[in-house]
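Notes for the structure review
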Amino acid sequence: MMPINGQFEMMSLSYAELGSAISGQTLSFHHGKHLKAYVDNLNKALPGSGLEGLSLQEVVKRAEGGLFNNAGQVLNHTLYFQQFSPNVTALDAVPEFRDLIVRDFGSVEAFRTAFEQQGATLFGSGWVWLSADKEGKLVITQQKNAENPVTMGLTPLLTFDVWEHAYYLDHQNRRAEYLSALWPYVDWRVVADRL
Ligand code: MN
C-alpha cells in the first residue's frame, strides 16, 4: 500500500458481518473505530519522520515507537480484513497452496490445529501469522502488539487478530472459539496471492 499525497487511506470493508465468527457490531468498532484511529495516528505521525513516500510495509520495517505501532496496526488490520469474505475461494480450490501447507505442516488439519494453538496461547495482545520465509517455507509465528512478520524478513500471508477488541463482543473470553470460527471465512485465493 502506498500513501496518496502523503496520507494512507483506510481500506474499505466488502462485508458487513461474518456469520457467528464476527458480528456487524464488532466490525463497526474494529474497522470503523480501531482501524480508523490507527490510520489517523499514522497519518499524523508520518510528516517529518523521514519515511514519507514509502510503502506501508517499508514504513513498518523502518519505523520505531508510536509511528511503528500505528503503521504496524494499519498493515496488520488491512491484511486481516482483506483475507476474509462471506463468499470465499476454499483451500481445496487453490491446490498449489494447499500442497505447500501439507508439505510444511503434514496436513491441513495439523496446520489449523497449530495455528489455533499459537493464537490461543499468545499472552496478551497480538497476532498469529502464517508467513513464508526466504526459501518459501511456510512458518507460523506469534507476534505481540503491532508486530508484523515483515520485520523478521518474512512474507505475511494469513493472520488472526487476538487483541480482545477483535472478539470480545461476540465470544467474550473464549478466544479459542473465535479462532476456530474464522476458518470458513478465509479466502485462500487472497492468501495464496500474497506469496
Ligand atoms: Mn484489531
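Note that this is a predicted model, so its numbers are computed, not measured.

1. Observations concerning the nonpolar core
Of all hydrophobic cores here, the largest spans 61 residues; its most connected members are Phe97, Leu158, Phe160 and Trp188. There are two domains that each give this core at least three residues, and those are domain 1 (24-82) and domain 2 (91-193). Leave out the neighbours within four places in its chain, and Trp188 touches Thr89, Ala90, Leu91, Val94, Phe97, Ile101, Phe111, Leu158 and Trp183.

2. Structural notes on the environment of Leu100
Structurally, the position occupied by Leu100 is in helix α4 (residues 95-105). Separated by 36 residues in the primary sequence, Leu100 and Gly136 have C-alpha atoms spaced 9.1 Å apart. With residues near it in sequence (within four places) discarded, Leu100 still touches Leu138 and Leu195.

3. Describing the packing of aromatic side chains
Enumeration according to the criterion identifies 16 aromatic pairs in this entry. Ring centres of Trp183 and Trp188 lie 6.4 Å apart, and the angle between their planes is 5 degrees; on these two criteria the pair is classed as stacked. Here the two residues Trp183 and Trp188 agree in accessibility, since each one is buried. These aromatic residues form a ring-pair network of at least three members: Tyr80, Phe81, Phe84, Phe97, Phe105, Phe111, Phe115, Trp127, Trp129, Phe160, Trp183 and Trp188.

4. With respect to the coordination of the manganese ion
Donor atoms from the polypeptide that coordinate the manganese ion comprise His30 (NE2), His77 (NE2), Asp161 (OD) and His165 (NE2), at 2.0 to 2.1 Å from the metal. Mapped onto the sequence, the donors of the manganese ion take the spacing H-x46-H-x83-D-x3-H. In this pair, His77 sits in helix α3 (residues 65-82) while His165 sits in the loop between β3 (155-161) and α6 (168-171), placing the two residues 88 residues apart along the sequence. By the burial criterion, His77 is buried, and His165 matches it.

5. Observations regarding the packing of helix α1 (residues 24-45) against α3
Packing of α1 against α3 leaves a shortest axis separation of 8 Å and a crossing angle of 140 degrees. One finds that α1 runs oblique with respect to α3. Handedness of the crossing formed by α1 with α3: left-handed. Across the interface between the two elements, Leu27, His30, His31, Leu35, Ala37, Tyr38, Val39, Asn41, Leu42 and Ala45 from α1 touch Leu67, Asn70, Ala71, Gln73, Val74, His77, Tyr80 and Phe81 from α3. Across the contact of α1 with α3, the residue classes tally to 12 nonpolar, six polar and no charged.

6. Overview of the domain arrangement of the chain
In many reports, interface size means the accessible area that the parts give up when they come together. Along its sequence, the chain is carved into domain 1 (24-82) and domain 2 (91-193). Computed over C-alpha atoms, the centres of domain 1 and domain 2 are 20 Å apart. Each partner contributes to the interface: domain 1 provides 19 residues, whereas domain 2 provides 19 residues. Both faces combined, the contact of domain 1 with domain 2 buries some 1,500 Å², and carbon together with sulfur accounts for 64% of it.

Reading the values: rules and limits
- Residues numbered from 1 in each chain as written.
- Predicted model: local features only at pLDDT ≥ 70, side-chain atom pairs only at ≥ 80, totals over all residues.
- Heavy atoms only, no water.
- Core = buried A, V, L, I, M, F, W, Y, C linked by side-chain atoms within 4.5 Å.
- Buried < 20%, exposed > 50% of the residue type's maximum accessible area, 1.4 Å probe, protein only.
- Domains from an automatic or database assignment.
- Contact = heavy atoms within 4.5 Å.
- Helix = DSSP H or I, 4+ residues; strand = E, 2+ residues; numbered from the N terminus.
- Phe/Tyr/Trp six-rings, centres within 6.5 Å; stacked < 30°, edge-to-face > 60°.
- Donors = N, O, S within 2.8 Å, 3.2 Å for Na, K, Ca; no water.
- Axes fitted to C-alpha atoms, helices over the stretch in contact; angles between N-to-C directions.
- Parallel < 35°, antiparallel > 145°, perpendicular 65-115°, else oblique.
- Left-handed = near helix turned anticlockwise from the far one by under 90°.
- Nonpolar A, V, L, I, M, F, W, Y, C, P; charged D, E, K, R; others polar.
- Buried area = accessible area lost by both parts, 1.4 Å probe.

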